[in-house]
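# Results of the structural survey
Residues per chain, in single letters:
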Amino acid sequence: MECKIKIEKGKHLELLTLMNRIRLFEQIAEELFLHGEVPGFLHSSIGQEASAVGVCAAIGIDDYMATTHRGHGHVVAKGGDVNRMMAELYGKVTGYCRGKGGSMHISCRELGILGANGIVAGGIPITTGAALSAKMRGTDQVAVSFFGDGASDEGAFHESLNIASIYKLPVLFVCENNHYAESNPQAKHQNIKDVAVRAKAYNIDSVIADGTDIMDVYQKTLTAVEQLRKGNGPILMENKCYRWSGHYVGDPAVYRPKDEPLEWKTNRDPIKLYAGFLMENKIADSKELEAITEQETKRIWDAVEFARNSDDPDLTVAMEDVYA
Amino acid sequence: MPRSMTYRDALREALREELIRDERIFLLGEDIEDPFGGTYKVTQGLTEEFGHDRVRNTPISEIAITGVALGAAMTGMRPVAELMYVDFAGCAMDQIMNQIAKMRYMSGGQVEAPLVIRTQQGTGRSSAAQHAQSLEAMFAHIPGLKVAMPVTPYDAKGMLKAAIRDPDPVIFLEHKLLYNTTGEVPEEDYVVPLGVADVKRVGTDVTIVATSRMVLHALDAAEILAKDGISVEVVDPRSIVPLDQETIFDSLRKTHRLMVVHEAVERNGWGAELCALVMDHCFDELDAPVKRIASKNTPVPFAPVLENFVVPSVEEIVAGVKDLLV
Ligand SMILES: Cc1ncc(C[n+]2csc(CCOP(=O)(O)OP(=O)(O)O)c2C)c(N)n1
Ligand SMILES: [Mg+2]
């Protein structure tokens, strides 16, 4: 791990805090789901925290972001309130979507979160549209679209890159390549190793980052966003990472080689890597790091209490917000 | 000898027997290969038996899944494509609506498109707005598509075989809450033809026409109503295109009261079509206006309390039948 730019200690600790918050949110939500307390289905982003936090740290609250079914981490990284997130997972009225969206549809207008999405690649054109809007309104906002390696096989991905290219839109397409599309390993669903090569077909720039190395992701995103704000057109970023759990909580992931998850967990744990970096460089000591984990554990359990104590939505809520 | 088996196993048995029967048949879809065996595990074990050539994983590319199935069907193969959720048909709608449905017609009868699109729909698992719709009316509205909606394991197996053997495209709508339900399935080869309704319960006072999982709700309601001395006949059309109108009308001629129940939203739902058909053909038989029980006109909400609220319940059906009789 390498940091070539000046980052204040406070910022470092903030990044690590967010990564811990994501990990703990996912771990605890998973546990509650398996106990039958959380309905629907859940997709955990454990193992991909560096991508979420590294990218979102490089954009502002005014910038737009859209994500996928595996979106909890991105929402937390963009500043999401874990109380309202957890309440949404519980289907409670205090949740971001008043219990009508659930895990796969969390959105937050004030934070520029255009929404998680149940449709693979569904968010990519929407983000592109937000970038078009920013450009037409003459703001310097950028839009970030998170999606997976699997999503890059959808027409929506290709059409979005093409239109963003010809319109020169300030959109950062962030492919979190965790090497699986549900049960299908990357080598079986696309004949390429780097999704980033697909940028060439649309004559746009691309950048590949180690999605387990937050410093790599963060610095590369800063550079990319600077380009976007200059009006130089869209960029495809690929963060190589790994999802530690199955595709959804409860999926035993029998389609993966047995040692593969262990290998990533042992050698490429984004949180362990970053904590190690902070200690080696004497930016923080183990006490400080432990305090962060403790604080975030408490924060998530408080969120669980918040969700548990919140009300179910009134039945009339079901009938509201239908356009027609 | 009939055996008891799940809806899931019955579907798998149909696929397996058809794969053995006809070499032109192959399966394609997302995550259908072993060891995963499909999100709802319908295709589990089939790759091991038939190989990756005939049980093919696809990328997440619904346009290609449906379009490739069509191209293969037009040129001598008999594909069975799987869309993991009916909601993803949204991504594939050009191929389904503009290509698959119209190919024989547009070509003046030159080409056939013997393909099946298997998918599953429905609520009940808090899957929310993009994973729980019931879209049969959308398909049924497009001339050229057959639409099957089996509820029992027996029907599921027999109708899937009929769909695969059919020379035309069939949209085969399973229901996500039915996969673990069980029922009797014969050991020997059989087919349940599309367009043949099934009277799932005989009665004399009211006819309920219900589809897919709502057949089970209607049967539960009929059981409750029987205790009050009300005799309900439950008719399952099994496929809404083609539709066995006569079985429905025959029932109506006996009961003179009709209710239609479906899980899709009420507005422009299939129930409206049935009402219109009854007006056209059997108006004089009606002793009361036809009653529709269907989901409320909203996207499917996530919270279990809300999901339950928008979807028809057994109690609603019971109350509706009583209304029909006053
Ligand atoms: C249009 C569409 N097709 C299929 C699915 C089912 N599905 C949900 S997530 C997923 C895999 C997505 O893979 P990837 O894009 O790599 O994201 P990851 O799950 O790895 O984060 C699939 C097939 C869906 N939700 N939407
Ligand atoms: Mg992936």
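For every chain, the first residue of the written sequence is number 1, and numbering continues from 1 onward in sequence order. To label them, take the chains in the order written and letter them from A, then take the ligands in the order written and number them from 1. Only residues with pLDDT of 70 or above have their local features reported here, since the model is predicted, and side-chain atom pairs are shown and tallied only from 80 upward, although totals for entire chains, interfaces and linings are computed over all residues. The side-chain values count all of the structure's non-hydrogen atoms but skip hydrogen atoms and water molecules.

### Structural notes on the overall build of chain B
Helix and strand labels come from DSSP, where a helix needs a run of H or I of at least four residues and a strand needs a run of E of at least two; each type is numbered from the N terminus. When its secondary structure is counted, chain B shows 12 helices and 14 strands. C-alpha atoms define the radius of gyration in this analysis, and the globule rule sets the expected value at 2.2 Å times the number of residues to the power 0.38. Its C-alpha radius of gyration of 19 Å places chain B within 12% of the 20 Å reference for a compact globule of 326 residues. Along the longest, intermediate and shortest principal axes, the C-alpha atoms of chain B span 60 × 40 × 40 Å. Burial here depends on accessible area, computed with a 1.4 Å probe over protein chains only, as a share of the maximum for the residue type. Under 20% is buried, over 50% is exposed, and the range in between is partly exposed. Expressed as a percentage of its 326 residues, the buried residues of chain B come to 61%. In this description, contact between two residues means that some pair of their heavy atoms is separated by no more than 4.5 Å. In chain B, the proportion of contacts linking residues at least 24 apart, taken out of those at least 6 apart, comes to 81%. For chain B, the exposed area adds up to about 12100 Å²; of that, 53% sits on carbon and sulfur atoms. Residues counted as positive are Lys and Arg, residues counted as negative are Asp and Glu, and His and the chain ends are not counted. One atom stands in for each charge, and that atom is NZ of Lys, CZ of Arg, CG of Asp or CD of Glu. On chain B, the mean spot of the 32 positive side-chain charges and the mean spot of the 48 negative ones are 1 Å from each other. All accessible areas in this document rest on Shrake-Rupley with a 1.4 Å probe, and a residue is counted as covered only by the protein chains that are shown.

### A short note on empty space enclosed by the protein
All names here are of chain B. Buriedness of a pocket was judged along seven lines, with at least five required to meet protein on both sides within 12 Å; pockets are open sets of points on a 1 Å grid over the protein atoms alone, cavities are sets where a 1.4 Å probe fits but cannot get out, and lining residues have an atom within 4 Å of a point. Grid points are joined across faces, edges and corners, and a volume is the space filled by probe spheres set on the points. Summed over all chains, the structure comprises five cavities of 30 Å³ or more. The space that makes up the largest cavity amounts to roughly 70 Å³. Forming the walls of the largest cavity are 13 residues, and the residues nearest its centre are Glu82, Met84, Arg118, Gln120 and Tyr179. At the level of secondary structure, the elements contributing two or more residues to the lining of the largest cavity comprise strand E4 (78-83) and strand E5 (116-121). Any residue outside Ala, Val, Leu, Ile, Met, Phe, Trp, Tyr, Cys, Pro, Asp, Glu, Lys and Arg is labelled polar, Gly included; the first ten of those are nonpolar and the last four are charged. Broken down by class, the residue content of the lining of the largest cavity amounts to five nonpolar, four polar and four charged.

### Regarding the site of ligand 1
Taken together, the neighbourhood of ligand 1 is formed by 23 residues, with A:His69, A:Arg70, A:Gly118, A:Gly150 and B:Glu62 sitting nearest. Nearness is judged by heavy atoms alone; a residue qualifies as near a molecule or strand once a single heavy atom is within 4 Å of it. At ligand 1, the nearby residues belong to more than one chain, namely chains A and B. Whenever two N or O atoms come within 3.5 Å, that pair is a polar contact, provided that in protein one can donate a hydrogen and the other can accept it, and provided that, for residues adjacent in sequence, both atoms are side-chain atoms. A:Gly118 places a polar main-chain atom, nitrogen or oxygen, 2.7 Å from a nitrogen atom of ligand 1. Here an oxygen atom of ligand 1 sits 2.8 Å away from a polar atom, N or O, in the side chain of A:Asp149.

### Comments concerning the pairing of strand E2 (residues 25-29) of chain B
Residue and element names in this part refer to chain B. Within E2, five of the five residues are buried, leaving the element largely enclosed by the surrounding structure. When DSSP locates at least two bridges between a pair of strands, those strands are taken to pair. Note that E2 and E4 share five bridges and pair parallel. Residue pairing across strands places Leu28 opposite Ala81, the latter belonging to E4.

### Quick word on the coordination of the magnesium ion (ligand 2)
In a perfect tetrahedron of four donors around a metal, the angles come out at 109.5 degrees. In a perfect octahedron of six, they are 90 or 180 degrees. Residue and element names in this part refer to chain A. Sites may look incomplete, because water is not among the atoms used; the donor set itself consists of N, O and S atoms within 2.8 Å of the metal (3.2 Å for Na, K and Ca). The magnesium ion (ligand 2) binds to the protein through Asp149 (OD), Asn178 (OD1) and Tyr180 (O); the donor distances cover 2.0 to 2.1 Å. Read from N- to C-terminus, the donor residues coordinating the magnesium ion (ligand 2) fall into the pattern D-x28-N-x1-Y. We classify Asn178 as buried; its relative accessible area is 5%.

### Focus: the nonpolar core
Joining through side-chain atoms within 4.5 Å is the link that ties buried Ala, Val, Leu, Ile, Met, Phe, Trp, Tyr and Cys residues into a set, and such a set is a nonpolar core. Ranked by internal contacts, the top residues of the largest apolar core, which has 69 residues, are A:Met86 and A:Tyr274. If we ignore the near neighbours within four places in the chain, the residues touching A:Met86 are A:Phe25, A:Ile300, A:Ala303, A:Val304 and A:Ala307. Of all hydrophobic cores here, the second largest spans 66 residues; its members include A:Met104, B:Leu15, B:Tyr85 and B:Leu306.

### Side note on the interface of chain B and chain A
Listed by partner, the interface residues are 37 residues for chain B and 40 residues for chain A. The junction of chain B with chain A conceals about 2900 Å² of combined surface from both sides, 65% of it contributed by carbon and sulfur atoms. Buried area is calculated as the accessible area (1.4 Å probe) missing from two parts once they are joined, with the contributions of both summed. Three residues, B:Phe36, B:Ile60 and B:Phe302, lead the burial of chain B against chain A; their summed loss comes to 23% of the area buried on that side. A pairing counts as a salt bridge when a side-chain nitrogen of Lys or Arg comes within 4 Å of a carboxyl oxygen of Asp or Glu. At the boundary of chain B with chain A, the tally comes to one salt bridge. The closest approach of N and O atoms between B:Glu33 and A:Lys188, which form a salt bridge, is 2.5 Å. The tally of links from chain B across to chain A stands at 11 residue pairs in polar contact (both at pLDDT 80 or more). At five residues, the largest contribution of residues to the side of chain B that touches chain A is made by helix H11 (residues 304-310) of chain B.

### Topic: the side chain of B:His175
On the secondary structure map, B:His175 appears in strand E7 (residues 170-175). Excluding residues within four positions of it along the chain, B:His175 makes contact with B:Tyr7, B:Gln120, B:Gln121, B:Gly122, B:Thr123, B:Ser212, B:Arg213 and B:Glu263.

### Things to note about the domain arrangement of chain B
All names here are of chain B. What marks off one domain from the next here is an automatic or database domain assignment. Split into domains, chain B comes out as domain 1 (2-186) and domain 2 (198-324). Summarising the inter-unit geometry, the C-alpha centres of domain 1 and domain 2 are found 26 Å apart. If you look at the interface, domain 1 gives 26 residues, while domain 2 gives 26 residues. Together, the buried faces of domain 1 and domain 2 total about 2000 Å²; carbon and sulfur atoms form 62% of this surface.

### Let's talk about helix H1 (residues 7-21) of chain B
The first and last C-alpha atoms of H1(B) sit 21 Å apart over 15 residues, in line with the 21 Å expected at 1.5 Å per residue. Every buried residue of H1(B) is listed here: B:Tyr7, B:Arg8, B:Ala10, B:Leu11, B:Arg12, B:Glu13, B:Ala14, B:Leu15, B:Glu18 and B:Leu19. Helix span, as expected, comes to 1.5 Å for every residue beyond the first.

### Topic: the packing of aromatic side chains
Note on aromatic pairs: the rings of Phe, Tyr and Trp (six-membered ring only in Trp) are paired at centre separations within 6.5 Å, and the planes decide the class, stacked below 30 degrees, edge-to-face beyond 60, tilted for the rest. All told, the structure shown has 11 aromatic pairs over all chains when counted by the stated rule. Ring plane angle 80 degrees and centroid distance 6.4 Å describe the contact between A:Tyr180 and A:Tyr242, whose orientation is recorded as edge-to-face. One end of the pair, A:Tyr180, is in strand E5 (residues 180-181); the other, A:Tyr242, is in the loop between strand E8 (235-240) and helix H9 (259-267), with 62 residues separating them in the sequence. By the burial criterion, A:Tyr180 is buried, and A:Tyr242 matches it. Ring plane angle 45 degrees and centroid distance 5.3 Å describe the contact between B:Tyr85 and B:Phe88, whose orientation is recorded as tilted.

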